[in-house]
Amino acid sequence: MLTAFQPVWFLLLIPLATAWVVWPLPARGLKWLRAVVFLLVVLALAQLALKLPDRAGTVVVVADRSESMPLDADASQKEIIRLLYRSMGPRDQLGIVSFGRDAVVEQSPQHTEFGGFTARVGPDHSSLNDAIESGLSLIPADGGGRILVLSDGKWTGKDPAAASARAAGRGVAVDYRLITRPQVSDVAFQSFLAPQSVQPGQAFVLSAWIVSPITQDLQYQLRRGDEIISSGAKNFAAGLTRLMFRDRAGRAGVNEYTVTIQGAKDDPVPENNTARVLVGVEGSKPVLVVSSAREDSGLVKLLRGGLLDVVGRTPGQCNWSLEDLSRYSAVILENVPAGQVGMSGMETLASWVEQTGSGLALTGGQKSYGPGGYYKSPLERVLPVSMEMRREHRKLSVAVVVALDRSGSMSMPAGGGRIKMDLADLGTVQVLDLLSPMDEIGVFAVDTVAHEIVPLDTVERNRSYRSKILSIGSEGGGIYIYDALVASAGMIQTAHAQTRHIILFSDAADAEQSAHYEEIVAKLRDADVTVSVVGLGTEHDCDANMLKDLARRGGGDCYFSDNPDEIPRIFAQDTFTIARSTFVDQPTPFTLTAGYSLLGQSPASAPPSLGGYNLCYLRPEANLAAVTGDEYKAPVVASWNAGNGRVLCYLGEADGKFSGELAKWNQAGEFYATLARWTAGKHQPLPDDMFLLQEVRDGTCFVQLHLDPGRKADPFSAMPRIKVLHGLPGAPPAKDTVSLAWKNADLLEAAIPIVGRETVLNTVEVPGQQAVTLQPVCLPYSPEFAPDQPGRGAAALAQIATTTGGKDRVEIPKIWNELPVKSRYVELAPWLLILAAMAFLLEVLERRTGWVSKFVVRKPAALAPEENTGAGISPAPAARKPLSLLTRKPSSAPAPAPTAKSESPRPVAPGPAAPAAPRPPASAESAFDALRRARERARSRTDKDR
Amino acid sequence: VIPFLTYPLALIALASLPALAAIYILRNRFRRRQVSSLVLWSFHVPSKAGGAKVHRLQLPLLFFLELLVLLLLVVAATGPRWNRSESSRPLIVVLDDSFSLRAVNGDLPARDRARVFLEKLFHRQPPPSTRLILAGASPRLLGGTVKPWREVDQLLAQWTCWSPGSSLDSAITLAAELGKQQANILVLTDHPPAGEKISSPRLEWHAFGAPLENTAIVNASRTAFGDQDRCLLEVANFSAAAHTTRLAVLAGTNAPQVSLLSLGAHENRRLVFNIPAATPSLRATLEPDALAADNEIQLLPPIRKRVRVLVALTNGSSAALVNRTLEATDLRAAISDDPELVIHETDVAAGSNAWSLVLRADGATNAYTGPFIVDNSHPLAAGVSLDGAIWAAAGRTNAPGEIPVILAGNVPLLSVREDVAGRRHLDLNFNPGLSTLQNTPDWPVLFWNLLSWRVAELPGLRESNARLGTEVILKTAGEAVTITQPDGTQTVFPKTGGELALETPLPGVYSVTVGAITNHFSVNLLAANRSDLSACASGRWGQWSEDTRQRVEETSAVWIFGLFALGLLAAHLYLVASAKATT
């Protein structure tokens, strides 16, 4: 089928035809040749196209970039893509999709060379199904195409059978090239099985199935949490071997079991030599008290005295993971600094409380609340009190000079498109915002020298420097500590405030010229100036000891964090500490309010005074259970519900120097137990006509709510939903809410995929019922490293290829030759233009030589040889007619008199007069007229020449 | 600006240039010319006595014109393209393929209004090139790059709006990747963007929907419930006002049962009822409204697969016990010809397709009271606890290749082996004479698990009712499969790899032919979020910025060379025709 994509160009035919008529070429043949040239060029401009069967199409390479691939897979894949590019035709297109957890289009189909993989795909999964789907989306529905999968075939997530059926339905073949790690000597856990939940005291079995390629001796170890409960060596026969462990469930909560094998020779996939499983223990969970005193904490003893099941731990013993927190009904942070919990720990705590309905309590002290670094922390949002420093409650003014490291290392990325320097700037602004207008602040940026950014002045006047502080950038070099201290000391000397303080922010691994700081720090201490250090890095970095020594000599604190996100919070914490206005260290009486009755029964006698307390402010909607009797009327006990959970703040110190008379109170145990009981809450199961089931299947957690088929009506007014927490060690948990959907008349179901090494904690909210938190679930290890039956990956790819009509692609370039033939429009413009050029050349040839017509004439001449022999004999018109296209058209001008046969070749014809019957010479004109015309022509030529 | 050639092989045609020169050099044709007789005698005749004289080739103006014309034509034939700044941008149209665009407002559905808009846009402001992306459950390119409206219109025939969801975000991402920040992206849908604000200067979002009142069937299921089928119908009123609709339920050939449903604003009503299992199909319809597509469902009977079991036990009491247990599961077929499971006492081959369960009571028997090690993750042992059971079995170890499922210490009580043909062989180390297992709930649980597992592995469809857009799993033995969609389209899978996930792009009843057997499954349009038209709207969000920045685009330059060649050809024509050129 012919079509013209740009028919507007046909309009050109009008002027061209006009020219063709107005300016006729001297011969008819030439005229027609020119007409052909015109027509061909115009057709080319109009983009004439013809629908023809064509093999050109699209090949989409689907490249596996997951962890299970060999280390050199990237290079192999690029080489294959390069081969494809080099062998593609002019109308072929090459697209690239890479995949891991996500499938990403690296290059849309085009005729250009691939620049390389750039997308982050999440290497802990192999979503082959999604990748093939993405590849299919890049192949036009009516265009020919093939998909080439470069993978080890070890897919995770959704079965690629779905995508391969879709590909087969669309006629897109999926070829593959197997790129795989050697699996010959892979020792791996095939499964690690344990009951999802047991009763307290119940004995149960954990079965680990190990697959070994050869008979060999291996060491194994089983841990419950951090405790090794079984270890030894065993001879593992080739094939599957079972390791069976027995354990007895302890107190209610969750136990994490980790089993490890070691000693395998040349194991190509060591990642699958460790597997874990979570076993929930039903029953009432204990309360975790986190304090520096662990089990010796007075609070732990008091609570146990109140018959509460309590576990005492130090902050260092907590890993703040979801599975760890799931062991407890509530967490009490007893005067624990925020830095010891960490940003991700606080985020996990807050999410755990909000989502799962668990409890959290904070007790006061000099390391808690504002001075403890909780201001602007992730926990702040769930606390029923706020921690700002209010101007009216400030007694002493403060002068702070901040010296910021802006060395080259501060230009490193810190996530979210920011660099470390940006967070240091934010921390400095935090100081500016926290201080009162009467306080003073100055800022230096230090590299090899100290640059004054903000002169020392009151905060009120220096607020305009906010944007300048935020624009401090990294300049290079290292921070020169001594210069920073000298400059800061010079500035703080001019301060008028009673409390004077220097905050030095430095890279813990890049602090230079630190030789003489002792002297200047000693002078600062003599001048009653304190120095704190905020070190970006860890206590083990090369300059950490020097920074700690500097802070110790300077009478301030030293903070380290290798998480740049914590820097603003640490600056705030240090500001709270030096301002000394948010911890009241005087004995203070307090009284219980009516709000205490919401927490529990009031004690028989009024409580005695506190030894000190953190000055905080009650948030709107929070319940005030106890209030100070001083002028601040500050909350002592405040509580509220944060999400599904309960949060309680006790602002006094539970066990320490500032416990005051309360510690000696005979009802202190009951008082604290009441607070802890409220925090821990009471969990009620679902009624008997509802049954919750949780099951992990194919990497997905299915939560089912079964209802009684004989029910009269649905037992809820709105659809139940699941609040899901996805936790990874050392990272804040991801939150999600999934609705349960009706699977059939008596069953609701939701599917929650489990990704990699994460732990999933589901809380089911059924309207009208208390939220039910299910046992946390996880996969033994990343599905990427699941041991294969020999050849499973190849078999999976072969099955996809079989379904779709693809094959194991050995010769890569030949894929272009096997694209399906499809009808498509092929542009004829190049051919038309070349034809036009040829026609024009022919016209020139004819015009200049007459050979074309001569060639055409010969044959008729052979038929009538007598034509050329008789001069002046007019040939028969019938014999001349075929030649008329290439001979001159009879002119209206008087033809010259017939001449004798010329000796020179007669290129076109025997002359204009010869072919056609010539007019009678000058039949209508006199010789005089002919001479007149000749004169005129000569005149015009003369004029022209002139 | 570096031009490049699409068809560099066309440069071969440059051979025409020396050919032209050759014509002029080698052959200067005597040309007849009418001249005035007045000048004939002034013609200078060179003296032959002067000897040979070198004549410089006199090339006329026409030669250079012709040379240029040929050069231009050849260059144009190579398809030159170059990058240049463009005022108009290519267009990528993202088409929402969800079925809510079938909702009729006035006399036209949203899809048709969007199509009319697109046509007008093309006539008003034709883009240099266009690509179409269909945003169904996942985005998909429609055809290649097209230019004229006629081609766009042809591709729009594939925009059927039968998808239960629209992946607009993914489609826009794909469009941005294809457009490389250069193309304008046009989204045609029936609802406003999520953020109500478009920040991208290259994205325009046009919605053609209306917040129409709609009542829809949003959920339907039919499951086996003893000797009956339990049906669930969920009808939703998506309007802000109470609405009464008429629900007609047609079960098989019975007369339709019509009931009036009074639904409050935004109310969902679930209807649960039982029908006889023999009812062939159940059809439910609602009164016509703005969106007809979601007013009808059809539910086929659930698949009740049963296993043909041959009990070949020689011990009469054991056979009676097993037969009784099998009957209790309700998963045993009435016939035992061509068995799919053989229960016997020896390792005799059971048949080409049959699994086997060997009840092994030989050897010295020990009675185990626990603790039993049960692999509860295995399909055979789901729900098996063995609390209080006494299991008498021969003390032995499992054979190579056998995977123990239940053990007493290291003694396998139940183990499984798979042969090369994929058949499972179960070994039950069990002496009923000394056991109490058969008197505990675990005994029927074991057999129910066994038959359920066998059923799950039987070829055929896994379900008979599915939601639009989901996959229906078909187990095969590798033979060819033909799928016939409700519109008659047939797809043939010449070979299948054991399990086939069939896509369901259209609602209606599908036929699946495997060998000589044809089965059916029904696909229903059940998508509450798309049936809810209350958030639909008309309007435009975002606007393509008319920035004046240099935008580089690969552009064909053929027309420049072609046009120039035509101009020169016209000039040449004039010169030749008027015979004023110097030759």
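Predicted model only: the values in this text are computed from it and were never measured.

A. Spatial organisation of the packing of aromatic side chains. Evaluation of the coordinates by the stated rule reveals 24 aromatic pairs over all chains. On the basis of an interplanar angle of 5° and a centroid distance of 6.0 Å, the ring pair of Y596 of chain A and F671 of chain A is categorised as stacked. Linking Y596 of chain A in the loop between β32 (590–592) and β33 (613–614) with F671 of chain A in helix α18 (residues 668–680), this pair joins segments that are 75 residues apart in sequence. Assessed through its relative accessible area of 0%, Y596 of chain A is described here as buried. Here the aromatic rings of W355 of chain B and W453 of chain B are separated by 5.0 Å at their centres, their planes lie at 75°, and the arrangement is edge-to-face. Remark: W453 of chain B occurs in helix α7 (residues 442–457) and W355 of chain B occurs in strand β19 (residues 355–360); sequence separation between them is 98 residues. Judged by relative accessible area, which is 3%, W355 of chain B ranks as buried. With relative accessibility at 10%, the residue W453 of chain B sits in the buried group. One Lys or Arg, K31 of chain A, reaches over the ring of W20 of chain A and ends 4.9 Å from the middle of that ring. Seen from the ring of F38 of chain A, R34 of chain A lies directly overhead, with NZ or CZ sitting 5.9 Å from the centre.

B. Fine view of the sheet that holds strand β1 (residues 2–4) of chain A. All names here are of chain A. Pairing within the open sheet is antiparallel, and its three strands lie in the order β1-β2-β47. Of all the strands in the sheet, the pair left with one neighbour each is β1 and β47 (822–827). Averaged over all adjacent pairs, the angle separating strand axes in this sheet is 40°, with direction ignored. As defined by bridge partners, β1 adjoins strand β2 (residues 48–54) across three bridges and the pair is classed as antiparallel. When the bridges of β2 are listed, T3 appears paired with A49.

C. View of helix α5 (residues 161–170) of chain A. Residues and elements named next belong to chain A. The buried fraction of α5 amounts to nine of the ten residues, a majority that puts the element mostly inside the structure. Residues A161, A162, A163, S164, A165, R166, A167, A168 and R170 constitute the buried set of α5. With its phi angle positive at about 75°, G171 sits one or two positions after the end of α5.

Rules used throughout
In this convention, every chain numbers its residues from 1, walking through the sequence in written order. Starting at A for chains and at 1 for ligands, labels are handed out in the order in which the entities are written. At least 70 in pLDDT is required for a residue's local features to be given in this predicted model, at least 80 for side-chain atom pairs to be given and counted, and no such filter applies to totals for whole chains, interfaces and linings, which use all residues. The side-chain values count all of the structure's non-hydrogen atoms but skip hydrogen atoms and water molecules. Classification of ring pairs rests on two measures: the distance between centres of Phe, Tyr or Trp rings, Trp counted by its six-membered ring, which must be within 6.5 Å, and the angle between planes, read as stacked under 30 degrees, edge-to-face over 60 and tilted in between. Runs of H or I in DSSP of at least four residues are treated as helices and runs of E of at least two as strands, each being numbered from the N terminus. Summary of the burial criterion: residues with accessible area below 20% of their type's maximum are buried, those above 50% are exposed, and those between are partly exposed, where the area comes from a 1.4 Å probe applied to protein chains only. Think of it as a cone above the ring: NZ of Lys or CZ of Arg counts as a charge over the ring if it is within 6 Å of the ring centre and within 35 degrees of the ring normal. Paired strands are those between which DSSP finds at least two bridges. What counts as an axis is a line fitted to C-alpha atoms, over the stretch in contact for a helix, and the angles between N-to-C directions run from 0 to 180 degrees.

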